[in-house]
Amino acid sequence: MSAPRKAPHPAPHLVVVRGEPTAEEVAVLTAVLTARVNAARAAADAPEETPRPSGWGDRSRGLRAPLRPGPGAWRLSTR
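Residues numbered from 1 in each chain as written. Predicted model: local features only at pLDDT ≥ 70, side-chain atom pairs only at ≥ 80, totals over all residues. Heavy atoms only, no water.

Novice: Quick rundown of the overall build of the protein? Include the residues and the values.
Specialist: The number of helices and strands found in the protein is two helices and zero strands. Based on the C-alpha atoms only, the size of the protein along its principal axes is roughly 110 × 35 × 20 Å. For the protein, the residues scored as buried account for 0% of the 79 residues in total. The averaged location of the 7 negative side-chain charges in the protein is 19 Å from the averaged location of its 12 positive side-chain charges. (Helix = DSSP H or I, 4+ residues; strand = E, 2+ residues; numbered from the N terminus. Buried < 20%, exposed > 50% of the residue type's maximum accessible area, 1.4 Å probe, protein only. Lys, Arg positive; Asp, Glu negative; His and termini not counted. Charge placed at Lys NZ, Arg CZ, Asp CG, Glu CD.)

Structural data, given as structure tokens:
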């Protein structure tokens, strides 16, 4: 009887080109890259914000202020 074949290992996602990083340095790099990918996915899934309308196109700015009656206000209304 022959030994069971092992599945081939997939290619590594990270390759150290120079130096000899410690296990902690590789762990930190992996954590940072994972957080970056998760943030990019969350930003892509977030609904887009609708742009605020310009103040120049806001028609409510053309409306007058409410009337404020007070002493002598009737005299000012004739001007």
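Novice: Describe in detail the environment of His-13, supporting the description with residues and values.
Specialist: Locating His-13 in the fold gives a position in the segment before α1 (23-45). A relative accessible area of 84% places His-13 in the exposed class. In this structure, the C-alpha to C-alpha distance between His-13 and Pro-69, residues 56 residues apart in sequence, is 75 Å.

Novice: Outline the environment of Pro-71, supporting the account with residue identities and numerical values.
Specialist: By the secondary structure assignment, Pro-71 is in the loop between α1 and α2 (73-76). Between the C-alpha atoms of Pro-71 and Arg-41, which are 30 residues apart in sequence, the distance is 63 Å.

Novice: Describe in detail a nonpolar patch on the surface, supporting the description with residues and values.
Specialist: A contiguous nonpolar surface patch, about 250 Å² in accessible area, is contributed by Leu-14, Leu-29 and Leu-33. In this fold, Leu-29 is placed in helix α1. Residue class for Leu-29 comes out partly exposed when judged on its relative accessible area of 42%. (Patch = residues over 30% accessible without salt bridge, like charges linked within 9 Å, V, L, I, M, F, W, Y side chains within 5 Å. Areas by Shrake-Rupley, 256 points an atom, 1.4 Å probe, with all protein chains shown as cover. Salt bridge = Lys/Arg side-chain N within 4 Å of Asp/Glu carboxyl O.)

Novice: How would you sum up the environment of Ala-23? Please name residues and give values.
Specialist: For Ala-23, the position within the fold is in helix α1. Note on Ala-23: relative accessible area 62%, which makes it exposed. Residues Ala-23 and Pro-4, spaced 19 residues apart in sequence, show a C-alpha to C-alpha distance of 31 Å.

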